[in-house]
Amino acid sequence: MQTFSGLVSVLMVFVWLGGNQVSPLRPICDLRVLDHFVREARDSEVIMRGCRGGCGVMKPYLVPLTSVDFAVWEHIDVHGQAVEVWIGLSLLDQALSNAMKTVSNSPLANALDNNISNIHSLGHILHSLDLQQARSTVLPDDSAPASTQTQEVSSLSELLQVQSSFLRGKVRLLLSAAPACQRQNS
Amino acid sequence: MTKMRSDRLKIVFMLCLAFVTTGGQHFESKVAQLLQDETEDIKCFVEGKDLTCFWEEEEEKNNLHDQYTFTYSYENKNKMPCAVSSLSLLASNKTIFFCKLSKPPFFATLNVQVLRDGRMLYSRSLNAENFLFLDPPRNLTVLSSGKEGQLNVSWLPPPLKYMDDSMIYEVRYAVEGSNMGKVEVIKVSTMLVLLGLQSDTRYKVWVRVKPDGVSYKGYWSAWTEPVFGVTPPSDMDPLIVLLVLFIGLILCLLSLTVFLSQHKFLLKKLWPDIPTPEHKFPGLFTVYKGDFKEWMSQNNGSMWGRSVHVYTEELASPLEVLSEVSLTSHGTSQREERKPPEEEEEKESERSDSGLTDRWREPPQAHWLMEQLKALQENPESRSQSSLLQSHDTYVTLNQGDNERQADDVFEETLPLQTLFTTAGTSSLSTSRSDLGSLQQSSGSGRLSSQSSFEYPNHTWPPKGPGYAYMAVADSGVSMDYSPMSSSRIAELGRHRMYTNDYKNEIFPHKWPFSGQYIKSGSESCAGPVW
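Nothing here was measured: the structure is a model prediction, and the numbers come from that model.

Calculation notes
Residues numbered from 1 in each chain as written. Chains lettered and ligands numbered in written order. Predicted model: local features only at pLDDT ≥ 70, side-chain atom pairs only at ≥ 80, totals over all residues. Heavy atoms only, no water. Helix = DSSP H or I, 4+ residues; strand = E, 2+ residues; numbered from the N terminus. Expected span 1.5 Å × (residues − 1). Buried < 20%, exposed > 50% of the residue type's maximum accessible area, 1.4 Å probe, protein only. Contact = heavy atoms within 4.5 Å. Buried area = accessible area lost by both parts, 1.4 Å probe. Salt bridge = Lys/Arg side-chain N within 4 Å of Asp/Glu carboxyl O. pLDDT = per-residue confidence, 0-100. Axes fitted to C-alpha atoms, helices over the stretch in contact; angles between N-to-C directions. Parallel < 35°, antiparallel > 145°, perpendicular 65-115°, else oblique. Left-handed = near helix turned anticlockwise from the far one by under 90°. Nonpolar A, V, L, I, M, F, W, Y, C, P; charged D, E, K, R; others polar. Core = buried A, V, L, I, M, F, W, Y, C linked by side-chain atoms within 4.5 Å. Domains from an automatic or database assignment. Phe/Tyr/Trp six-rings, centres within 6.5 Å; stacked < 30°, edge-to-face > 60°.

Brief notes about helix α4 (residues 78-101) of chain A
Stage number 1. With 24 residues, α4(A) extends 35 Å between its outermost C-alpha atoms, agreeing within 8% with the 34 Å of an ideal straight helix rising 1.5 Å per residue.
Stage number 2. Burial of α4(A) is extensive: 18 of the 24 residues sit out of reach of the surface.

Thoughts on the interface of chain A and chain B
Stage number 1. Between chain A and chain B, the contact holds 21 residues from the first and 23 residues from the second.
Stage number 2. Between chain A and chain B, a total of about 1800 Å² is buried, with carbon and sulfur atoms accounting for 46% of that surface.
Stage number 3. Sorting the residues of chain A by area buried against chain B places A:Phe70, A:Arg168 and A:Arg172 first, and these three jointly supply 34% of that buried surface.
Stage number 4. Taken together, the links from chain A to chain B amount to two salt bridges.

Looking at the confidence of the model for chain A
A low pLDDT means the predicted coordinates there should not be read in detail.
Stage number 1. Chain-level pLDDT for chain A is 84 on average; 84% of the residues reach the 70-or-more range.
Stage number 2. Throughout residues 133-146 of chain A the model reports pLDDT below 50, and contacts reaching past four residues in sequence, or to other chains, amount to eleven contacts.

A short note on the environment of B:Asn152
All names here are of chain B.
Stage number 1. Within the secondary structure, Asn152 is located in strand β11 (residues 151-156).
Stage number 2. Asn152 gets classed as partly exposed once you look at its relative accessible area, which sits at 27%.
Stage number 3. Remark: the alpha-carbon pair of Asn152 and Leu194, spanning 42 residues in sequence, is separated by 6.4 Å.
Stage number 4. Other than its neighbours up to four places away in sequence, Asn152 contacts Thr141, Val142, Leu143, Ser145, Leu192 and Val193.

Digging into the packing of α4(A) against helix α8 (residues 156-176) of chain A
Residue and element names in this part refer to chain A.
Stage number 1. Packing of α4 against α8 brings their axes to within 10 Å, and their N-to-C directions diverge by 155°. When the axis of α4 is compared with that of α8, the two are roughly antiparallel. Where α4 crosses over α8, the two elements pack in a sense that is left-handed. Two secondary-structure elements touch here, α4 through Val78, Gln81, Ala82, Glu84, Val85, Gly88, Leu89, Leu92, Ala95, Leu96 and Ala99 and α8 through Leu156, Leu159, Leu160, Val162, Gln163, Phe166, Leu167, Lys170, Val171 and Leu174.
Stage number 2. Partitioned by chemical class, the residues of the contact of α4 with α8 number 16 nonpolar, three polar and two charged.

Some remarks on the nonpolar core
Stage number 1. One finds B:Ile42, B:Trp55, B:Phe70, B:Phe106, B:Trp155 and B:Leu194 to be the most contacted residues of the largest nonpolar core, which totals 63 residues.
Stage number 2. Mapped onto the domain boundaries, this core takes at least three residues apiece from domain 1 (1-132) and domain 2 (134-231) of chain B.
Stage number 3. With 48 residues, the next largest nonpolar core counts A:Val78, A:Leu91, A:Leu92 and A:Leu160 among its residues.

Remarks on the packing of aromatic side chains
By convention here, two paired aromatic rings are described through the distance between centres and the angle between planes.
Stage number 1. Scanning the model with the defined rule gives 16 aromatic pairs over all chains in all.
Stage number 2. When the ring of A:Phe70 is compared with that of B:Phe106, the centres are 5.0 Å apart and the planes differ by 70°; the resulting orientation is edge-to-face. Here A:Phe70, found in helix α3 (residues 70-75), pairs with B:Phe106, found in the loop between β6 (94-101) and β7 (109-116), and the two come from separate chains.
Stage number 3. Among the residues examined, A:Phe70 registers a relative accessible area of 4% and is labelled buried.
Stage number 4. On the basis of relative accessible area, B:Phe106 is assigned to the buried category, the value being 0%.

Rendered as structure tokens:
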């Protein structure tokens, strides 16, 4: 059941992102944009650590796996990497939105809102790098990877930590190895 | 063939050993540094792609690494074991136990635990990407950029994949031999231009690296080995060179102008002319080759007057020698006083009395005296008379003549004085401060009869006629011995021998009632003409 709900949410995210088709964007290859998002995710962790009251409730959140084994990662092609990144971003978006509903602390709520906006921006960046096409080819054939690619956390602080690790790891590796950016440099 | 293969194997082995040794050195140095800096019980760092966690040996010395168990887990997975090894650090004489995880997961929380004999000893949760301990940068190069005060520094990053754009570098530089250095921080770029350096100076440069802290974090690497670079010498600004040349040219022109306009003055100051008496004796040295007799004979009349005229104009310590003149014939208010001979002697020896000089500069008195002298010559019988004079100057009379005449001359010379002094009384002596030229009586030498100078009420000097000879003894040292004589006496000049002008003050006791001693002055040797 959980697996099915996860899959549905992923599909919804894809539909949503597909509905927001925009004109082809100029490739955004500057990793300093991602670094900006990473810093804001870290700020949320700091605010969470200092939060005293109204900091959300304990509830399970479905989040992506963040660990990167370089030896394994290098053997995955860029489209497979893109799929993992897309799924992870969608899961994080959903989890953060659910968490924000239970947060009454104003600074923390603002920080969470920032993080959600940043994840949407990352979608646009991936779109500009022409990496969204992979999802339609990979996802129907491979549903199992969704379960192996997710994990469950039980608190908002753990959720924020996963967000931070995911952005710094898989997302950054994908953006730094994006073929569109390699074509620009070469 | 086998020999070649064995040689190759040896080379490969040596290279591997060198690599391991180098890596081992890096590893040991990193361990040593973290032992000092890291406060956690279990210290971890990532070298390359491997994570190493280590801890110190406990107090008891009989610890064996078999007692320890190291486990790690991440993302809710099962715990996995890691083999424990030991290492003795030579530098600090300590032993550590460590476990090396090969290619651990990054961007995931790792939970590591150390157990000893089944009991939890240490535990820690960490993200591997936050504990990078990089090797120092490679191939540090320092080159002169050619511009003043600049050096180009470049290097290569440590060989680490995916992280080239996440590095931050620190460049340290200092003048060779100095301990005061500066630090520059630079992100991502692997070259830097050092600015504001001293010209023509040798600098030492070091570099180290660290993850920038956004995606990856870690510890500062060790400093590279220092590399030296020399800054280029300072260029002379062409504008400054031009200005210096221009100012130098102006100064040269100015000095040249000054020199040309004042060269005579400067020459006189730097290379003064040696005074010669030639201008006083026109033709003596050029025509007559120094034969004064000839010159005198040729230039008798006009020369006398001229020389007298010249001497009257002489300002430097004039000591006018008057001919024997009896000043008593006129019975004027002239008064002559006599000073003690000692004063006379001193004055004569000094020869440059300012008082004398002052008095000599009073032409009216000279004219008056001249008149008196003229009158006296015309009336020789009036010599017996004397008049008391207030004197300030000294007249030294040179009497030229034969020995047989000396007595008469002496008598003639001394008479007026005697007469003068007998009538003067004591009052004049007490009031007068002038010097008295004492009489000189010496046989065979020029004699001086000195008379006090006088102070005339009307401050006039008698004019000096051609019949009277005067000698102004100037500093030039040339002294002429003249005596008041007529032309007949001049004719006798040739018969007199050359003498050095020794002035000896001898006072005949019978002539001077109140001077009963001979006084010999300091003689001055002056080369004089032959008389």
